[in-house]
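# Survey of secondary and tertiary structure
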Amino acid sequence: MSADTDGRGLAFTLVILLGGLVFGFGLGLSGMAKPEIVLDFLQFEDFGLLFVMGGAAVVSGVTIFGATNFLDRAPLTGRGYTRRLKTFDKNVPIGGAIFGVGWGLSGICPGAAYASVGLGNVTILWAILGMFLGAYAQGFVRSSRAEETDAAAAPSTD
């Protein structure tokens, strides 16, 4: 999908690219793109990652607070700010637990995995492949269950 056909324009695409560059640079600079540093954090040996994540959360929170309180529309899309409410269901803690196991096994978060490739960690491509396969498997299971539910709800023609 090109920038011209998705209705968002070139400016939107360039800002997204810039955001990705800043994000990747920050991950590399902070060490969050190095699995050994992440694993040290998860084993309670190095708490630097806590400060990186906390700092990022504060900057993001202030930015979102400022944008939603002082601007009536998003600058690039022109859409009004809305809040998306999602119900809390059993998939949230189960998915979070599975995500945590994968994080601990690979030593890397999905976003940081891409930045890790940029730092020369080519073996992390196996973890990225695993993320894609895991997401595909989850989507396959969810769509199979939806088809079973639809089939069970359909009236019988017997």
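Everything below is about the structure shown above.
Bear in mind the structure is a predicted one, so any value in this text is a computation, not a measurement. (Residues numbered from 1 in each chain as written. Predicted model: local features only at pLDDT ≥ 70, side-chain atom pairs only at ≥ 80, totals over all residues. Heavy atoms only, no water.)

### Things to note about the packing of helix α5 (residues 110-118) against helix α6 (residues 125-153)
Two numbers describe how α5 lies on α6: the axes approach to 9 Å, and their chain directions differ by 145°. With respect to the hand of their crossing, α5 and α6 are arranged in left-handed fashion. Mapping the contact onto sequence places Pro 110, Ala 113, Tyr 114 and Val 117 in α5 and Leu 125, Ile 128, Met 131 and Phe 132 in α6. Residues of the contact of α5 with α6, tallied by class, amount to 8 nonpolar, no polar and no charged. (Axes fitted to C-alpha atoms, helices over the stretch in contact; angles between N-to-C directions. Helix = DSSP H or I, 4+ residues; strand = E, 2+ residues; numbered from the N terminus. Left-handed = near helix turned anticlockwise from the far one by under 90°. Contact = heavy atoms within 4.5 Å. Nonpolar A, V, L, I, M, F, W, Y, C, P; charged D, E, K, R; others polar.)

### As for the nonpolar core
Core analysis: the largest hydrophobic core is formed by 14 residues, its most contacted members being Leu 27, Leu 49, Ile 108, Ala 113 and Ile 124. Mapped by element, the contributors of at least two residues to this core are α2 (35-42), α5 and α6. At 3 residues, α5 tops the list of elements feeding residues into this core. Residue contacts for Ile 124: discarding those within four places in its chain leaves Pro 35, Ser 106, Ile 108, Ala 113, Ser 116 and Val 117. (Core = buried A, V, L, I, M, F, W, Y, C linked by side-chain atoms within 4.5 Å. Buried < 20%, exposed > 50% of the residue type's maximum accessible area, 1.4 Å probe, protein only.)

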